[in-house]
Amino acid sequence: MTNSVLEGTMRSRPVYGVLEPRPGKAHLIVADGEGAGAVVDLVARAGETAPAMLARTHIIYMPGPNGTDAFESLKALGAAQAFRTHDYSTAQPRLKKVLGDAHMGLQIYTTGTEGLMGQVLRDVMEAGLPAQAVQTEHRGSTVRRVQCVHCKGITENVRTDPFQCSHCGLHLFVRDHYSRRLAAYQGVNIDAEDPGEVPPAVERFK
Amino acid sequence: MGLEFNEETFRGDFSFKNSPKAIKRFPFPFPEDSYMYSVNMEPHVPGPKGSVFEHTFDVDEHYVSEMRDRAMVLADDPLRCQSLPHMTLAGWDLLELIMESKARDYPHWFELHKNGNKWHWINRPLEIEQKFTFLDETTLPCGPLEYITRQTQGDFTLQDQRDNNLFIEAGMVTTQADWSLDFDIGMSFQEWHAPVPMAHELGVFDRALKFLLKLQLGAPVRRFNWTMTVDPLLDTSPENYPKWGPTKTTLTMDNIGRRQHLRVELQTLHRLPRSNAIAFPIRAYLISFQDLVTVPKWARRLHRVIRDVPEPLATYKGFLRNRPLMVEYLSQFDDGKPTSPGWWPEPE
Ligand code: HEM
């Protein structure tokens, strides 16, 4: 697997690769935003086996947090099923159904933002499927999904560091420490020791 | 509460105190005048009588009050105790290990009677008596891990072993040095240690993991870790950091001796028989600077260690901002004399 080029070296951070077609009885693809481009590349890489693969492919797609919506490029591929939804929480019931019905030999591909891929990986593991069945490829926005360690609330699409927790309102700095189970980075109160001294927010994730 | 146990608090008025006996047996963690991370593990064999190593699980004068503090933390935040579904058996393994050890080592306080799987547990200091069926969860008021660790000092984590790695998949964590079980649960050895500076590059974690994967039943090991805590607060959790963080800014030369505490973790590692998991008890001991400097060797040595500890470690342990004040205070008790190797007090 090639390594991701995302900043940071903390060892709890996931490493992403490049999607490669693998032989399988069925193919599930979950993508958001610019991930559509990785799906198109994946199908191109399948070459002459692409039609057979697409005949057994189910695509679930949603726009990226930056608004990128390339669903038309996916529809044009001609997969057996191509479904567009608004965001992960609306996609989740469908995804869980597909994972619950899965047989041996299901290949899973997920691509786009870290928040999307992390949640897919989490739901795949929760469904009891092996993590090796999943390939990932990062594309597009680097915004983060962050858990506030204080109130436990998750803030999606965090762009700046520090940022304000969307649940309890504390000002949090974003650690590189990452939990696969929560599919989130950790946010910790930045002015705990000196209440009120919050440095200006810097746009670290775009 | 009997005479043997202190009536004290680890919050609010912080009435926690070490008796002269507790100071004397304090597990001072520095065998030399400097400190750096290393694979510092040794067999957890019984130590000298009266020392914290005398028994598998040390029960001391703080026992009853610490258990009361744990109950308060859990009432506020039940997520401090979690166990993924496949870890219940490891919880029973731990319950057995603790009950058998305590009944053997402290028969005047704890009793365990077994009739096949019908067990009868008596905990006199906490006034608990429980009849239950071993390995039958419905016969305890809560899961086995929670049940026994509400009655045992120190934090506990349980690690499943698979794929040549360890996974932290259960725990009771209410007295931690600033890490979150809720966040870390499910992580591998390298993942949960990710925030630690320098040690990965030194190969400490690769070597430690390799060693642990081969840990044998009946051959536990131990190591020390340490950090600094303002006021005798057990619950220095990241969850509550906004509550205890501000106390770091209130230290002065006048109050540092009383309020700054060295926090030492005696960590032990035990292979468990049925689950093949590893239990990791993390027992925290606190001592105020003013009590610590009553032992001249410890005073000299702590001064030198704190003065020279690499900045990334002081930052990670959260005392960089107070290091100058600590060094100023401790330097009063360092006459520059050499110290002998080993952590025990000089025979002065
Ligand atoms: C298998 C049981 C173990 C568990 C569950 C465990 C857990 C942890 C956790 C949660 C932290 C805090 C990380 C953070 O900042 O978020 C930590 C720190 C650390 N651990 Fe472990 N650990 C274990 C075994 C070991 C062993 C065998 C070593 C031996 C070298 C070790 C060395 C360290 C060191 C050096 C630190 C940094 C502590 C400090 O400077 O305060 N750990 N450990």
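Residues numbered from 1 in each chain as written. Chains lettered and ligands numbered in written order. Predicted model: local features only at pLDDT ≥ 70, side-chain atom pairs only at ≥ 80, totals over all residues. Heavy atoms only, no water.

**A few points about the sheet that holds strand S1 (residues 42-43) of chain B**
Residues and elements named next belong to chain B.
And then number 1: Across the sheet, seven strands lie side by side as S1-S8-S9-S10-S6-S7-S2; this open sheet has antiparallel pairing. Across the chains shown, the open sheet's two edge strands, defined by having one partner strand only, are S1 and strand S2 (81-83).
And then number 2: Across seven bridges, strand S6 (residues 155-162) lies against strand S7 (residues 165-172) in antiparallel orientation. For Leu158, the partnering residue across the bridge sits in S7 and is Ala170. (Pairing = 2+ DSSP bridges. Helix = DSSP H or I, 4+ residues; strand = E, 2+ residues; numbered from the N terminus.)

**Structural notes on the nonpolar core**
Residues and elements named next belong to chain B.
And then number 1: Membership of the largest hydrophobic core comes to 62 residues, with the highest contact counts inside it found for Trp226, Met228, Leu262, Leu302 and Ile306.
And then number 2: It is helix H7 (residues 204-213) that contributes the most residues to this core, six residues altogether.
And then number 3: Setting aside anything within four residues of it in sequence, one finds Leu302 in contact with Phe28, Phe30, Met228, Leu262, Phe289, Leu292 and Leu330.
And then number 4: Counting residues in hydrophobic clusters, the runner-up holds 36 residues, among them Tyr63, Leu95, Leu145 and Leu158. (Core = buried A, V, L, I, M, F, W, Y, C linked by side-chain atoms within 4.5 Å. Buried < 20%, exposed > 50% of the residue type's maximum accessible area, 1.4 Å probe, protein only. Contact = heavy atoms within 4.5 Å.)

**Observations concerning the packing of aromatic side chains**
Residues and elements named next belong to chain B.
And then number 1: For the structure shown, the criterion picks out 30 aromatic pairs over all chains.
And then number 2: Between Trp92 and Phe132, the ring centres sit 6.3 Å apart and the planes meet at 20 degrees, which makes this aromatic pair stacked. Of this pair, Trp92 sits in helix H3 (residues 88-105) while Phe132 sits in strand S5 (residues 128-133); the two residues are 40 residues apart in sequence, bridging distant segments of the chain. Just as Trp92 is buried, Phe132 falls in that class too.
And then number 3: Each residue in the set Phe26, Phe28, Phe30, Tyr35, Tyr37, Trp226, Tyr285, Trp298 and Phe319 is aromatic and connected to the rest through ring pairs, giving one cluster.
And then number 4: Against the face of Phe167 rests Arg162, its NZ or CZ located 4.2 Å from the ring centre. (Phe/Tyr/Trp six-rings, centres within 6.5 Å; stacked < 30°, edge-to-face > 60°. Lys NZ or Arg CZ within 6 Å of the ring centre and 35° of its normal.)

**Some details on the domain arrangement of chain A**
Residues and elements named next belong to chain A.
And then number 1: Along its sequence, chain A is carved into domain 1 (26-138) and domain 2 (144-203).
And then number 2: Here domain 1 and domain 2 have C-alpha centroids that lie 29 Å from each other.
And then number 3: Each partner contributes to the interface: domain 1 provides eight residues, whereas domain 2 provides eleven residues.
And then number 4: In total, about 670 Å² of surface goes out of reach between domain 1 and domain 2, with carbon and sulfur atoms giving 49% of it.
And then number 5: Interface area lost by domain 1 to domain 2 is led by Pro65, Glu114 and Arg122, which between them contribute 53%.
And then number 6: When the residues that make up the side of domain 1 that touches domain 2 are grouped by side-chain class, the tally is two nonpolar, four polar and two charged. (Domains from an automatic or database assignment. Buried area = accessible area lost by both parts, 1.4 Å probe. Nonpolar A, V, L, I, M, F, W, Y, C, P; charged D, E, K, R; others polar.)

**A word on the coordination of the iron atom of the ligand**
In an ideal tetrahedron of four donors about a metal, each angle is 109.5 degrees. In an ideal octahedron of six donors, the angles are 90 or 180 degrees.
And then number 1: Exactly one donor from the protein chain reaches the iron atom of the ligand: His193 of chain B (NE2), at 2.0 Å.
And then number 2: Assignment of secondary structure puts His193 of chain B in the loop between helix H6 (189-192) and H7. (Donors = N, O, S within 2.8 Å, 3.2 Å for Na, K, Ca; no water.)

**A short note on a nonpolar patch on the surface**
And then number 1: Together, Met36, Met198 and Leu202 of chain B give the surface a local cluster of nonpolar side chains, amounting to about 220 Å² of exposed area.
And then number 2: Inspection of the secondary structure assignment puts Met36 of chain B in the loop between helix H1 (20-24) and S1. (Patch = residues over 30% accessible without salt bridge, like charges linked within 9 Å, V, L, I, M, F, W, Y side chains within 5 Å. Areas by Shrake-Rupley, 256 points an atom, 1.4 Å probe, with all protein chains shown as cover. Salt bridge = Lys/Arg side-chain N within 4 Å of Asp/Glu carboxyl O.)

**Some words on the site of the ligand**
Residue and element names in this part refer to chain B.
And then number 1: Near the ligand you find 23 residues, and of these Tyr37, Trp192, His193, Tyr316 and Lys317 are the closest.
And then number 2: With respect to the ligand, the side chain of Asn225 contributes an N or O atom lying 3.3 Å from an oxygen atom.
And then number 3: Within the residue set of the shell around the ligand, elements represented by two or more residues are S6, H6, H7 and strand S8 (221-230).
And then number 4: In terms of residue count, the dominant contributor to the shell around the ligand is H7 (four residues).
And then number 5: Per-class residue counts for the shell around the ligand are 15 nonpolar, five polar and three charged. (Near = heavy atom within 4 Å. Polar contact = N/O pair within 3.5 Å; in protein donor to acceptor, adjacent residues only side chain to side chain.)

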